[in-house]
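Listed here are the chains, written in short residue letters.
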Amino acid sequence: MLPRRAFQALALGVLAAVPAESGAQEPALTPARLLELSGPELDALYRQGRSVGLPAGRVKGTAILAPGTRRNEAMAAGTRLVWQGKTYDPAAGIATNRFFGLPVIKARVYQAESWLDGAPSLILDYSETSRVYARNRDEIREIGPGLYLGLMYARTTPQPTLKMYFVLESQP
């Protein structure tokens, strides 16, 4: 097993490899690229992200339900039909999930420690705003300009359980 620092360096090296086509460089991090990564690679990337607020308005979402597997891309495409992302209102401190194009499940938004590594994260807390999602909590960090990686946890005991990853993209 690789030591954590070596693994993080390896993950960054993989993410930094950008193909140059016709002289133009593509961004190394895209939702499609993140769909190719394993859970440990996503964890390493999340640890390197920074806790910032989401941009006001809509952010497009992509679910990462089976990281590191061949079926992940198909599952993300299927989920996109149901969940399209979030809408954020910084003045109210509320983010709302968009299901079937409608704003349905609200979360209170604040900065707090990540359950993954204890570092600062943007938290979306559903415990007081939704009966359906009350046992869930999202954590989000920016991993690139306008690109955010999220972790969705279930409030299980004795420790929270990571349910899934997701990507948010700010829309110009």
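Above this text is the structure in question.
Summarised in this report is the structure supplied together with it. In this text the structure is predicted, and so the values were computed from the model without any measurement.

Cut-off values and rules
Residues numbered from 1 in each chain as written. Predicted model: local features only at pLDDT ≥ 70, side-chain atom pairs only at ≥ 80, totals over all residues. Heavy atoms only, no water. Helix = DSSP H or I, 4+ residues; strand = E, 2+ residues; numbered from the N terminus. Areas by Shrake-Rupley, 256 points an atom, 1.4 Å probe, with all protein chains shown as cover. Buried < 20%, exposed > 50% of the residue type's maximum accessible area, 1.4 Å probe, protein only. Lys, Arg positive; Asp, Glu negative; His and termini not counted. Salt bridge = Lys/Arg side-chain N within 4 Å of Asp/Glu carboxyl O. Contact = heavy atoms within 4.5 Å. Core = buried A, V, L, I, M, F, W, Y, C linked by side-chain atoms within 4.5 Å. Pairing = 2+ DSSP bridges. Axes fitted to C-alpha atoms, helices over the stretch in contact; angles between N-to-C directions.

## Some points on the overall build of the protein
When helices and strands are counted, the protein shows four helices and 10 strands. Traced from its N-terminal end to its C-terminal end, the protein shows the element sequence α-β-β-α-α-β-α-β-β-β-β-β-β-β. Carbon and sulfur atoms form 57% of the exposed surface of the protein, whose accessible area is close to 9400 Å².

## A short note on the side chain of Asp43
Assignment of secondary structure puts Asp43 in helix 3 (residues 39-48). This buried residue, Asp43, is left without a salt bridge; Arg47 holds the nearest opposite charge, at 4.8 Å. Beyond its immediate chain neighbours, meaning those up to four positions away, Asp43 contacts Leu116 and Tyr165.

## Some thoughts on the pattern of salt bridges
Pairing between side chains becomes possible if they bear opposite charge and their charged atoms approach one another. Under the criterion given, the structure shown has seven salt bridges. The closest approach of N and O atoms between Asp125 and Arg155, which form a salt bridge, is 3.0 Å. Residue Asp125 is found in strand 7 (residues 120-125), and its partner Arg155 is found in the loop between strand 9 (147-154) and strand 10 (161-170); the two are separated by 30 residues along the sequence. Relative accessible area serves as the criterion here: at 24%, Arg155 is assigned to the partly exposed category. The structure contains a network of salt bridges with shared partners spanning Arg108, Asp125 and Arg155.

## Observations regarding the nonpolar core
Across soluble globular proteins, nonpolar side chains show a tendency to be buried alongside one another. Counting residues in hydrophobic clusters, the biggest one holds 21 residues, and the most contacted among them are Leu54, Leu124, Ile140, Phe166 and Leu168. At the level of elements, strand 3 (57-64), strand 4 (83-89), strand 5 (94-99), strand 6 (102-113), strand 7, strand 9 and strand 10 are the ones that each hand at least two residues to this core. Ignoring any residue separated from it by four or fewer positions in sequence, one finds Ile140 in contact with Tyr46, Leu54, Ser121, Leu122, Leu124, Tyr148, Leu149, Gly150, Phe166 and Leu168. Ranked by size, the runner-up nonpolar core spans 15 residues in total, among them Tyr46, Ile64, Leu149 and Tyr153.

## What to know about the sheet that holds strand 10
Around the barrel, which closes on itself, the eight strands sit in the order 3-4-5-6-7-8-9-10 with antiparallel pairing between neighbours. This sheet shows a mean twist of 35° between the axes of neighbouring strands, independent of strand direction. Where strand 7 and strand 8 (residues 136-144) come together, four bridges link them in antiparallel fashion. Bridging from a neighbouring strand, Leu122 pairs with Ile140 of strand 8. Where helix 3 meets the sheet, it contacts strand 3, strand 7, strand 8, strand 9 and strand 10, and its direction lies at approximately 70° from that of strand 8.

## Observations regarding the pairing of strand 6
Regular strands place side chains that alternate from one sheet face to the opposite one. Bridge analysis of strand 5 against strand 6 gives six bridges, and the strand direction is antiparallel. Bridge pairing links Phe99 to Leu102 in strand 6. If you look at the hairpin formed by strand 6 and strand 7, you'll find six residues sitting between the two strands, and Gly118 has a positive phi there, around 80°.

## Some words on the environment of Ala112
For Ala112, the position within the fold is in strand 6. Taking the C-alpha atoms as reference points, Ala112 and Ser51, 61 residues apart in sequence, are found 9.2 Å from one another. Not counting residues up to four positions away in its chain, the partners in contact with Ala112 are Ala119, Pro120, Ser121 and Ile123.

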